[in-house]
Amino acid sequence: METSQVVETTQSTKRLIDLRGMKCPAPIVALNNETRQMAAGELFEAVADDPAFELDVKAWCRRKGYELLTLEVSPQETRAVVRCPV
Amino acid sequence: MFSNDLDKLLAAFSIATGAAACGLKVSMFFTFWGTTLLRREAPQTAGKRLVERMFGWMLPAGPRQLSLSRMHMGGLGRALIGREMRRKGIPALTEMIEMAKASGVEILACSMSMDLMGIRREELLDYPNLRICGATQFVDMAADGNVTLFV
């Protein structure tokens with residue numbers, strides 16, 4: 001899925017993975033595909049509007065050894081900043 | 001996977017693709033009615049007995065001909081649910097099978113069910129490393145697995 005784009009933030013360049021509009025299990029499947037080629041320690045931000053994403057992304061990070069740095073939940077969407085395993 | 005109800009298959013494939021995305025090794029074993037999901041939409045092969053051919057006519061072939069376990073209403077329910085799923089961005093069963101394929105979910109077909117229903121190897125869908133096996137192979141995998149679901 002061609003949804004990701006590179007965005008500049010103040011701290012560092014981190015990839016934004018846009019999973020909005022996808023429903024379970026598509027966001028996690030797409031997230032898994034998008035992060036497969038990422039470098040060790042790379043940061044990315046994932047955003048989804050499926051309400052399942054909050055708990056699902058936590059479980060996915062725990063399972064795959066990714067570090068969940070921040071998780072912002074609003075009624076509209078969930079944003080997770082994650083570091084790839086090193 | 002024992003059932004070939006569309007709704008049950010959607011649930012099973014959601015869990016399977018989700019688990020594969022979490023790095024778990026996932027195998028799906030299709031037996032009895034479940035085996036019919038693996039049939040491709042094509043004319044039946046030659047050389048079948050009448051009863052086997054009748055099974056082929058009466059049973060669905062592949063993901064597009066399935067019924068819902070509830071609210072099917074002669075196909076009306078399925079059409080409504082299909083439309084709602086598209087509208088809400090929920091992946092269709094055909095898309096979920098593609099996701100399963102891409103994420104390395106393994107598919108096994110029960111040899112006894114295939115034999116019983118007269119389904120031939122060459123009538124099965126194209127799926128990487130699809131294997132035909134029996135209960136022992138299933139039990140062997142299930143014994144090493146942390147999660148086994150019977151759907």
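Residues numbered from 1 in each chain as written. Chains lettered and ligands numbered in written order. Predicted model: local features only at pLDDT ≥ 70, side-chain atom pairs only at ≥ 80, totals over all residues. Heavy atoms only, no water.

**Regarding the environment of A:Lys23**
Piece 1. Within the secondary structure, A:Lys23 is located in the loop between strand S2 (13–18) and helix H1 (26–35).
Piece 2. Exposure remark for A:Lys23: the relative accessible area of 26% places this residue in the partly exposed category.
Piece 3. A sequence separation of 30 residues divides A:Lys23 from A:Phe53, and the C-alpha atoms of the two residues are 8.9 Å apart.
Piece 4. Setting aside its immediate chain neighbours within four residues, A:Lys23 contacts A:Asp50, B:Lys88, B:Gly89, B:Ile90 and B:Pro91.
Piece 5. Polar side-chain contacts of A:Lys23 include one of 2.6 Å to the backbone oxygen of B:Lys88. (Helix = DSSP H or I, 4+ residues; strand = E, 2+ residues; numbered from the N terminus. Buried < 20%, exposed > 50% of the residue type's maximum accessible area, 1.4 Å probe, protein only. Contact = heavy atoms within 4.5 Å. Polar contact = N/O pair within 3.5 Å; in protein donor to acceptor, adjacent residues only side chain to side chain.)

**Some words on the sheet that holds strand S1 (residues 27–30) of chain B**
All names here are of chain B.
Piece 1. Read across the open sheet, the 3 strands follow the order S1-S2-S3; overall the sheet is parallel. Each edge of the sheet is formed by a strand with only one pairing partner; in this case those strands are S1 and strand S3 (131–133). Averaged over all neighbouring strand pairs, the angle between strand axes comes to 30°, with direction disregarded.
Piece 2. The strands that helix H6 (residues 135–144) touches are S1, strand S2 (106–110) and S3; relative to S2, the one it contacts most, it runs at about 145°. (Pairing = 2+ DSSP bridges. Axes fitted to C-alpha atoms, helices over the stretch in contact; angles between N-to-C directions.)

**Description of the pairing of S2(A)**
Successive side chains on a regular strand alternate, one facing one side of the sheet and the next facing the other.
Residue and element names in this part refer to chain A.
Piece 1. For S2, the buried fraction is high: 5 of the 6 residues fall into the buried class.
Piece 2. Summarising the sheet, S2 and strand S3 (residues 43–48) pair through 4 bridges and their orientation is parallel. Bridged to Ile17 within S3 is Ala46.
Piece 3. On the question of chirality, the crossover connecting S2 to the parallel S3 by way of H1 is right-handed. (Right-handed = clockwise from strand over helix to strand, strands pointing away.)

**Considering the nonpolar core**
Piece 1. Formed by 55 residues in total, the largest nonpolar core has its most connected members in A:Leu31, A:Phe44 and B:Phe13.
Piece 2. With 9 residues, the single largest contributor to this core is helix H1 (residues 6–21) of chain B.
Piece 3. A:Phe44 has contacts with A:Lys14, A:Arg15, A:Ile17, A:Leu31, A:Thr35, A:Met38, A:Trp60, A:Tyr66, A:Ala80, A:Val81, A:Val82 and A:Cys84, leaving out every residue within four places of it along the chain.
Piece 4. Counting 5 residues, the second-largest nonpolar core is a separate cluster that includes B:Phe29, B:Leu108, B:Cys110 and B:Met141. (Core = buried A, V, L, I, M, F, W, Y, C linked by side-chain atoms within 4.5 Å.)

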